[in-house]
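Listed below, chain by chain, are the residues.
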Amino acid sequence: MNLTRRLLLSYIAIIALTAAVLIVGADVLLRGRLTDEAALELEREARYLDSSARGVGVGRLDSLVHALGAATGRRLTVIDRSGVVIADSDFPHDQLGTLENHASRPEVRAALEGRTGTDLRHSTSTGREELKVSVPSSFGVVRVSAPLPQVDAVVRRAQGAVLASALVAVALAGLLAFGFARNVAHPLLLLRDAAEAIARGDRPSLDARGRDEVGQLARALRTVDENLSSRLSELERERAGMAALIGSMIEGVIACDGRGGVTSINPAARELLDLTPDAPAPPVQELFRQRSARDAVAATLAGATTADIEVELDQRTILLSGSALKNGGAVFVVHDVTALKRLETIRRDFVANVSHELKTPLTVVRGYAETLRKDEPPPEVRAAFLDTMLANTTRMQSLIDDLLDLSRIESHAWRPEPADVAVEPLARDVWAALGARGNAAAIDFSASPSPAAATVRADPEAVRQILTNVLDNAARYTPAGGRVRVGTTREDGLVRIDVSDNGPGISSEHLTRIFERFYRVDPARSRELGGTGLGLAIVKHLAEAHGGRVEAVSTVGAGTTIRIFLPAGGRAE
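> Hey, could you run me through the overall build of the protein chain in this one?
Summing up its helical and strand segments, the protein chain has 14 helices and 17 strands in all. Relative to its 573 residues, the protein chain shows a buried fraction of 37%. Here the contacts in the protein chain between residues at least 6 apart in sequence split such that 57% fall between residues at least 24 apart. Accessible area of the protein chain: about 32,500 Å², with a carbon and sulfur share of 56%.

So, in structure tokens, the structure goes:
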């Protein structure tokens with residue numbers, strides 16, 4: 001809506017409001033005045049009825065009330081001091097018992113107290129709006145009731161006259177206001193169009209020839225346009241370059257004002273801080289929960305410079321740096337070092353574990369080799385030395401082979417070649433190979449797969465390696481006379497292979513980590529039994545390479561179950 005219409009409508013609204021006030025005022029004043037006059041008249045009629053009824057018995061009172069009511073057109077009611085209606089011109093004598101007790105009616109209560117009572121309300125007896133006036137009487141109360149059609153008619157005529165006058169005034173004032181509003185609004189609308197053109201970046205059309213305030217405003221606006229055009233062009237070039245630079249950074253960049261409100265945040269920072277692209281960023285103080293990060297933010301906002309504060313953010317590790325700005329506010333840079341920390345931890349653990357695993361057999365081999373070089377032990381001792389050296393070199397070879405296998409799987413250099421593999425014969429074949437060493441021959445072994453889950457769709461060599469590692473662990477830790485069971489079931493569209501033993505079991509604090517490389521529940525016993533610490537890690541990666549997974553369930557003293565989930569194959573022949 002343009003300015004001319006708004007001015008015009010404002011004038012018309014003022015006139016209409018004035019007319020409405022006059023109409024309401026006329027209604028209130030006239031209705032009040034006429035109601036008061038009607039109440040005086042009804043009071044006189046009530047006193048006339050009271051004087052006419054004196055000396056009249058109750059039996060003739062009803063006839064008198066009906067006769068006077070018919071003559072005056074009023075509703076006449078006589079009420080005793082207990083509030084019971086004893087005569088009413090609108091009701092026959094035999095229906096008076098159906099009327100409510102009137103003692104609580106305002107006008108009746110006033111008359112019972114010796115005063116004239118007046119009330120205007122909707123009558124529950126007659127179902128119409130009535131003015132009721134009651135006066136004290138020898139019977140108790142005499143009340144005269146009458147509708148107010150005359151009052152309403154007079155008020156409506158007055159309202160109509162005021163409304164008609166108001167409409168004429170609105171029409172005449174509208175014509176005058178239109179011309180005035182047009183003359184006032186037109187130059188302002190031209191200035192508005194010019195300002196909108198400046199906001200769009202267009203050249204405005206300005207008439208700056210006037211000598212009044214509008215002309216001065218037009219000249220000032222033209223100067224503003226010239227200055228803004230040059231400055232905006234320069235700022236736009238700088239902003240585009242800066243936005244492209246910050247948006248392409250892999251580091252997160254957060255700019256904030258002096259109170260910590262975020263004014264700019266690049267996509268990398270939103271990703272690091274888990275903020276959706278369109279969500280408003282909270283104050284920078286609320287982006288970090290760690291105490292050291294909050295202290296760094298507070299110090300930067302106070303004017304200091306912070307660098308490389310390590311912050312744990314959910315499951316990520318970031319470095320936070322901040323610099324205060326001269327005009328207030330600060331810029332923070334967050335760099336995700338989670339991968340570097342993880343790689344550093346893996347590298348450190350890997351070097352430590354491999355060094356430890358190789359150190360013991362190398363020490364043994366070196367010690368026996370030095371003994372054989374310096375001394376000439378008996379043939380049987382020499383043979384024992386050589387057997388020990390061979391066993392330790394075999395152990396080192398197994399460790400290196402497992403490391404190579406694990407590296408090949410993790411680097412995705414190995415790809416499975418799926419085929420249908422029957423679980424039971426392969427498990428028995430693997431167990432037979434294990435029976436040649438250790439106490440596997442003294443353990444009760446059985447394989448009883450479910451007919452509905454007898455085969456898996458996986459690389460045959462990978463399945464063999466999985467079963468070899470899992471069954472080898474079971475054989476190592478199950479005492480002689482124990483049992484190892486292999487079973488299968490269908491679960492979530494996969495085949496679940498359960499390898500269960502009744503060995504010593506694994507406590508809960510170790511159970512979630514047994515699939516980590518080099519992790520051992522009992523390092524001394526594991527080395528004594530000859531494990532490399534990589535078997536279950538290889539099992540985990542091989543299962544995941546097929547789209548499956550592994551789980552472990554164990555009870556200390558009751559045994560352990562390793563569950564391998566692999567894709568289901570066809571039914572074995």
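> Where do I start with the sheet that holds strand β6 (residues 252-256) in this structure?
Taken in spatial order, the 5 strands make up an open sheet running β7-β6-β10-β9-β8, and their pairing is antiparallel. Edge positions in the sheet fall to β7 (262-265) and β8 (306-313), since each of these pairs with one other strand and no more. Neighbour to neighbour, the strand axes of the sheet diverge by 25 degrees on average, direction disregarded. With 7 bridges connecting them, strand β9 (residues 316-324) and strand β10 (residues 330-336) associate as antiparallel partners. The residue bridging S323 from the neighbouring strand is V331, located in β10. Where helix α7 (residues 291-301) meets the sheet, it contacts β6, β8, β9 and β10, and its direction lies at approximately 145 degrees from that of β8.

> Would you mind showing me how to read the pattern of salt bridges here?
Oppositely charged side chains may form a pair once their charged atoms are brought near each other. The final tally for this structure, using the stated rule, is 23 salt bridges. Linking R457 and D420 is a salt bridge whose minimum nitrogen-to-oxygen distance equals 3.3 Å. Note that R457 is positioned in strand β13 (residues 455-458) and D420 in strand β11 (residues 419-422), a separation of 37 residues in sequence. Here D420 falls in the partly exposed class, since its relative accessible area comes to 44%. Taken together, the salt bridges that share partners define one network made up of R75, D88, E130 and K132.

> Is there a simple way to explain the packing of helix α10 (residues 423-434) against helix α11 (residues 460-477) in this structure?
Where α10 contacts α11, the two axes come as close as 9 Å, and the packing angle between them is 50 degrees. With respect to α11, the element α10 is oriented oblique. When you trace α10 past α11, the crossing you get is right-handed. Across the interface between the two elements, L426, A427, D429, V430, W431 and L434 of α10 pack against P460, V463, R464, L467, T468, L471, D472 and A475 of α11. Class assignment for the residues of the contact of α10 with α11 results in 10 nonpolar, 1 polar and 3 charged.

> Even after reading the chapter, I still don't get a nonpolar patch on the surface, so can you show me in this structure?
On the surface, V224, L228, L232 and L235 cluster together into a nonpolar patch covering about 340 Å² of accessible area. Inspection of the secondary structure puts L232 in helix α5 (residues 213-247).

> Just to check I follow, could you spell out the sheet that holds strand β15 (residues 494-501) for this structure?
By way of backbone hydrogen bonds, the strands of a sheet pair with one another, either parallel or antiparallel. Strand order in the open sheet made by the 5 strands is β12-β14-β15-β17-β16, with mixed pairing throughout. The two strands at the open ends of the sheet, each matched to only one other strand, are β12 (444-447) and β16 (549-555). Along the sheet, successive strands turn relative to each other by an average axial angle of 20 degrees, direction set aside. The pairing of strand β14 (residues 483-491) with β15 spans 8 bridges and is classified as antiparallel. Note that in β15 the partner of V486 across the bridge is V499.

> Explain the nonpolar core to me, please; I cannot follow it from the model alone.
In summary, soluble globular proteins display a tendency toward joint burial of nonpolar side chains. Residues V456, L471, V486, I497 and I564 are the most contacted members of the largest nonpolar core, which totals 41 residues. Looking at this core, the element that brings in the most residues is α11, giving 8 residues. Not counting chain neighbours up to four residues away, the residues in contact with L471 comprise A427, V430, W431, L434, F445, V484, V486 and V499.

> Mind showing me how you'd approach the packing of α11 against helix α14 (residues 535-545) here?
Packed helices, taken two at a time, are described by the angle between their axes plus the distance between the axes. At a minimum axis distance of 9 Å, the contact between α11 and α14 shows a crossing angle of 145 degrees. For the pair α11 and α14, the crossing hand works out as left-handed. Residues A462, Q465, I466, N469, V470 and N473 of α11 pack against G535, L536, I538, V539, L542 and A543 of α14. Across the contact of α11 with α14, the residue classes tally to 8 nonpolar, 4 polar and no charged.

> For this particular structure, what's the right way to read unusual backbone geometry?
Across the chain, the bulk of peptide bonds are trans and the bulk of non-glycine residues have phi less than zero. Although it is not a glycine, D308 sits at a positive phi angle of roughly 50 degrees. Topologically, D308 is positioned in strand β8. Residue classification places D308 among the exposed residues on the basis of a relative accessible area of 53%. Phi is positive for D492, which is not a glycine, with a value near 55 degrees. Inspection of the secondary structure puts D492 in the loop between β14 and β15. The exposure class of D492 is exposed, given its relative accessible area of 65%.

> Is there a simple way to think about the pairing of β9 in this case?
Sheet topology places β8 next to β9; 6 bridges connect them, and they run antiparallel. What sits directly across from I309, in β9, is L320. Where β8 folds back onto β9 in an antiparallel hairpin, the turn is made up of 2 residues, including D314, whose phi is positive at roughly 55 degrees. Here β9 folds back onto β10, and the loop between the two strands holds 5 residues, one of which, G328, carries a positive phi near 95 degrees.

> Before we go on, may I ask you to explain the confidence of the model for the protein chain in this structure?
Any segment with low pLDDT has predicted coordinates that should not be analysed in fine detail. The predicted model of the protein chain averages 78 in pLDDT, with 79% of residues at 70 or higher. Across the protein chain, strand β17 (residues 559-567) holds the top mean pLDDT of 92, while helix α13 (residues 523-529) sits lowest at 47. In this model, residues 524-530 is a region of pLDDT below 50 whose contacts with residues beyond four sequence positions or in other chains number 13 contacts.

> What is the right way to read the side chain of T306 from this model?
For T306, the location among the structural elements is in strand β8. Residue classification places T306 among the buried residues on the basis of a relative accessible area of 12%. Of note is the side chain of T306, whose polar atom sits 3.1 Å from the side chain of T300.

> Explain the packing of aromatic side chains here, please?
Two aromatic rings, taken as a pair, are described by how far apart their centres are and by the angle between their planes. As enumerated under the stated definition, the model contains 1 aromatic pair in all. When the centroid spacing of 4.8 Å and the interplanar angle of 10 degrees are considered together, the rings of W431 and F445 count as stacked. Of this pair, W431 sits in helix α10 while F445 sits in strand β12, and the two are 14 residues apart along the sequence. Look at W431 and you get buried, because its relative accessible area is 9%. Over the aromatic face of F565 sits the side chain of R549, whose NZ or CZ is 3.9 Å from the ring centroid.

> Mind showing me how you'd approach the pairing of strand β1 (residues 75-80) here?
Consecutive side chains along a regular strand alternate between the two faces of the sheet. For β1, the tally of buried residues reaches 5 of 6 residues, placing the bulk of the element in the interior. Looking at chain direction, β1 and strand β5 (residues 140-146) are connected through 6 bridges and run antiparallel. By the bridge assignment for β5, D80 is matched with G140. Looking at chain direction, β1 and strand β2 (residues 85-88) are connected through 3 bridges and run antiparallel. In the strand pairing of β2, I79 is matched with V85. Count of turn residues in the β1/β2 antiparallel hairpin: 4 residues, of which G83 carries a positive phi of about 95 degrees.

How each quantity is defined
Residues numbered from 1 in each chain as written. Predicted model: local features only at pLDDT ≥ 70, side-chain atom pairs only at ≥ 80, totals over all residues. Heavy atoms only, no water. Helix = DSSP H or I, 4+ residues; strand = E, 2+ residues; numbered from the N terminus. Buried < 20%, exposed > 50% of the residue type's maximum accessible area, 1.4 Å probe, protein only. Contact = heavy atoms within 4.5 Å. Areas by Shrake-Rupley, 256 points an atom, 1.4 Å probe, with all protein chains shown as cover. Pairing = 2+ DSSP bridges. Axes fitted to C-alpha atoms, helices over the stretch in contact; angles between N-to-C directions. Salt bridge = Lys/Arg side-chain N within 4 Å of Asp/Glu carboxyl O. Parallel < 35°, antiparallel > 145°, perpendicular 65-115°, else oblique. Left-handed = near helix turned anticlockwise from the far one by under 90°. Nonpolar A, V, L, I, M, F, W, Y, C, P; charged D, E, K, R; others polar. Patch = residues over 30% accessible without salt bridge, like charges linked within 9 Å, V, L, I, M, F, W, Y side chains within 5 Å. Core = buried A, V, L, I, M, F, W, Y, C linked by side-chain atoms within 4.5 Å. pLDDT = per-residue confidence, 0-100. Polar contact = N/O pair within 3.5 Å; in protein donor to acceptor, adjacent residues only side chain to side chain. Phe/Tyr/Trp six-rings, centres within 6.5 Å; stacked < 30°, edge-to-face > 60°. Lys NZ or Arg CZ within 6 Å of the ring centre and 35° of its normal.

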